[in-house]
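Next come the chains, spelled out residue by residue.
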Amino acid sequence: MQQFDYIIVGQGIAGSLLGYQLLKADRRVLILNDESIPTSSAVAGGIFNPITGKNLDKTWLADSIFPYFKDFYLSLENETHCHFYHETNLYRPYANEQQRRHFLQLTDEYDLDTYIRLVKPDAYKEVENHLGGLFTTSAGWVDVPLMIGVLRKLFIQSNAYHNERFDYQALEISEEKVIYKNFQASKIIFCEGYYASQNPYFNWLPFNPAKGETLIATMQTYSIKEIVNQGAWIIPLGNQQYRFGSTYVWNQLDWQTTKESKETITSKIDKFLKTPYQITEQQAGIRPTTKDRRPFMGNHPAYPNVYVFNGLGTKGVSLAPYFAEHMLYFLEKEKDLMPESNIQRFYSLYSL
Ligand SMILES: Cc1cc2nc3c(=O)[nH]c(=O)nc-3n(C[C@H](O)[C@H](O)[C@H](O)COP(=O)(O)OP(=O)(O)OC[C@H]3O[C@@H](n4cnc5c(N)ncnc54)[C@H](O)[C@@H]3O)c2cc1C
């Protein structure tokens, strides 16, 4: 029987960053991950943006999590010699006069100077922006598949990784340990994203999964380095490649791409993009979003050594580094979780 401190199920962004934190803390870790199934992390735009939505809402905990993940990703880049963290302004050209007035009123009312800069009309020729717009600063994107790939190599080198589908029926839980096939560990943490719906230990948690699709496009004559967002976004990936996104669908939860989603995205893009493009790829994923839009972290109400780290929703890139560290401290019994992220808030939904 091989001994570990922790077994982690799933190596999306949640399992990857938690596994990394635990290895850094010199814990013996085994990650079991099924590489044959589609994942949310593989298709994520990877955008981080402190100010979002129609009302320029500040992202939850932005003042803490943004400085935290910046340091985290830069230091991980350094360690792995891999460039996946891209800081860039996010440009929001005003869609119409009404939106311009609304945004200007909001920037006056709230102290958004740290995160917002106004942009004069017609700053760019490739997009419709005759009314001007605004930049949200401290924004950017992470190449999530690249980062996960480089972490997988690190886990393999550390003998901490198996490519296999976890079979819930084969898990044996006792008070002081868990046994899975020929592996024994003190604790097990489930990080399966949307697939938690198939997990008998945590399928009672109130997820509100949202399917989303993105497109990959090529453009020869587009040179904007910022992310542009006006109802749909364009991320410059490099080498004349761009990601367009995204859609939100709550009622057809499968991993298939659809013609409707492609049309939804391109019709929004066509409203402001003035440059010709060619779609080369379409991808679909299911976001592990939660009803109260807060992560699902903590231990199972009946099995104290069975844990979950999930529910990163639409903001995996911003939330995962900060909360992976919280999870580490919680697992090591050094600190409690934030009540807003602790699944204790839903224990009343659990029945044996
Ligand atoms: C279209 C789209 C656009 C998005 N854009 C952004 C964005 O711009 N910015 C942002 O921050 N977030 C974005 N997201 C959200 C982001 O993708 C998620 O927050 C994040 O990827 C969730 O990561 P996860 O590790 O929880 O889940 P996943 O990435 O789904 O990973 C789960 C892992 O568990 C494994 N697994 C599941 N079940 C088993 C099993 N039984 N045995 C073994 N392994 C198993 C899977 O193989 C997978 O590797 C987007 C999502 C979508 C769909």
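Residues numbered from 1 in each chain as written. Predicted model: local features only at pLDDT ≥ 70, side-chain atom pairs only at ≥ 80, totals over all residues. Heavy atoms only, no water.

(A) Structural context of the overall build of the chain. Each helix and strand in the chain was counted, giving 6 helices and 21 strands. Relative to the globule expectation of 20 Å for 352 residues, the C-alpha radius of gyration of the chain, 21 Å, shows essentially globular dimensions. Principal axes of the C-alpha set define a box for the chain whose edges measure 65 × 40 × 40 Å. Summarising the internal contacts of the chain: among those between residues at least 6 apart in sequence, 73% fall at separations of at least 24. Each charge class in the chain can be summarised by its mean position, and for the 34 positive and 38 negative side chains these summaries are 4 Å apart. (Helix = DSSP H or I, 4+ residues; strand = E, 2+ residues; numbered from the N terminus. Rg over C-alpha atoms; globule rule 2.2 N^0.38 Å. Contact = heavy atoms within 4.5 Å. Lys, Arg positive; Asp, Glu negative; His and termini not counted. Charge placed at Lys NZ, Arg CZ, Asp CG, Glu CD.)

(B) Focus on unusual backbone geometry. For the bond from glycine 245 to serine 246, the omega torsion is -15°, close enough to zero to count as cis. Residue placement: serine 246 occurs in the loop between strand E18 (241–245) and helix H5 (259–272). Phi is positive for asparagine 159, which is not a glycine, with a value near 55°. Overall, asparagine 159 belongs to the exposed group, its relative accessible area being 66%. (Buried < 20%, exposed > 50% of the residue type's maximum accessible area, 1.4 Å probe, protein only.)

(C) A look at the site of the ligand. Around the ligand, a shell composed of 38 residues is seen, among which Asn33, Asp34, Ser41, Phe166 and Gly313 lie nearest. Within the side chain of asparagine 33, a nitrogen or oxygen atom sits 2.7 Å from an oxygen atom of the ligand. The contact in question runs from an oxygen atom of the ligand to an N or O atom on the side chain of serine 41, over 2.5 Å. Coverage of the ligand by the protein chains reaches 97% of its 1000 Å² of free accessible surface. (Near = heavy atom within 4 Å. Polar contact = N/O pair within 3.5 Å; in protein donor to acceptor, adjacent residues only side chain to side chain. Areas by Shrake-Rupley, 256 points an atom, 1.4 Å probe, with all protein chains shown as cover.)

(D) Structural view of the domain arrangement of the chain. Entries for the chain in the domain assignment read domain 1 (2–43 + 145–205 + 292–349) and domain 2 (87–140 + 208–287). Between domain 1 and domain 2 the total buried area reaches about 840 Å² when both faces are included, carbon and sulfur atoms providing 69% of it. At the junction of domain 1 and domain 2, the tally comes to 0 salt bridges. Here the residues of the side of domain 1 that touches domain 2 sort into 5 nonpolar, 4 polar and no charged. (Domains from an automatic or database assignment. Buried area = accessible area lost by both parts, 1.4 Å probe. Salt bridge = Lys/Arg side-chain N within 4 Å of Asp/Glu carboxyl O. Nonpolar A, V, L, I, M, F, W, Y, C, P; charged D, E, K, R; others polar.)

(E) View of the packing of helix H1 (residues 13–24) against helix H6 (residues 316–331). Running from amino to carboxyl end, H1 crosses H6 at an angle of 45°, the nearest separation of the two axes being 9 Å. As summarised for this structure, H1 and H6 are arranged oblique, according to the angle between their axes. Of the two possible hands of crossing, H1 and H6 adopt the one that is right-handed. Taken together, the residues of H6 that come into contact with H1 (itself represented by Ile13, Leu17, Leu18, Gln21 and Leu22) are Gly316, Val317, Ala320, Pro321, Ala324, Glu325, Met327, Leu328 and Leu331. Classifying every residue of the contact of H1 with H6 by side-chain character gives 11 nonpolar, 2 polar and 1 charged. (Axes fitted to C-alpha atoms, helices over the stretch in contact; angles between N-to-C directions. Parallel < 35°, antiparallel > 145°, perpendicular 65-115°, else oblique. Left-handed = near helix turned anticlockwise from the far one by under 90°.)

(F) Quick look at the packing of aromatic side chains. On inspection of all chains with the given rule, the structure shows 33 aromatic pairs. Summarising the aromatic geometry, the rings of phenylalanine 66 and phenylalanine 69 are spaced 4.7 Å apart at their centres and angled 55° between planes, so their arrangement reads as tilted. With phenylalanine 66 and phenylalanine 69 both in helix H2 (residues 62–80) and 3 residues apart, this pair spans about one turn of that helix. On the basis of relative accessible area, phenylalanine 66 is assigned to the buried category, the value being 6%. Judged by its relative accessible area of 1%, phenylalanine 69 falls in the buried class. (Phe/Tyr/Trp six-rings, centres within 6.5 Å; stacked < 30°, edge-to-face > 60°.)

(G) Inspection of H6 at higher detail. Within H6, the axis deviates most sharply at tyrosine 322, by approximately 25°. Buried residues dominate H6, accounting for 14 of its 16 residues. (Bend = angle between axes of the 7 residues up to and from the residue.)

(H) Structural detail: helix H3 (residues 97–109). Compared with the 18 Å implied by 1.5 Å per residue over 13 residues, the 18 Å span of H3 between its first and last C-alpha is a close match. Along H3, the residues classified as buried are Phe103, Leu106 and Thr107. For H3, the arc enclosing every buried residue in end-on projection is 95°, short of the 170-degree limit, so these residues lie on one face. For H3, the exposed residues lying more than 90 degrees away from the buried face are Gln98, Arg101 and Asp108. Those residues of H3 that are buried lie in contact with strand E7 (90–93), strand E8 (116–119) and strand E9 (133–136). (Expected span 1.5 Å × (residues − 1). Arc of directions from axis to C-beta.)

(I) Main features of the sheet that holds E9. Pairing within the open sheet is mixed, and its 8 strands lie in the order E8-E9-E7-E16-E17-E18-E15-E19. The open sheet has two edge strands with one neighbour each: E8 and strand E19 (278–287). Between one strand axis and the next, the sheet turns by 25° as a mean value, whatever way the strands run. Bridge analysis of E8 against E9 gives 4 bridges, and the strand direction is antiparallel. By the bridge assignment, leucine 118 is partnered in E9 with leucine 134. In the packing of H5 onto the sheet, contacts are made with strand E15 (210–218), strand E16 (227–229), strand E17 (233–238), E18 and E19, and the angle to E15 comes to roughly 55°. (Pairing = 2+ DSSP bridges.)

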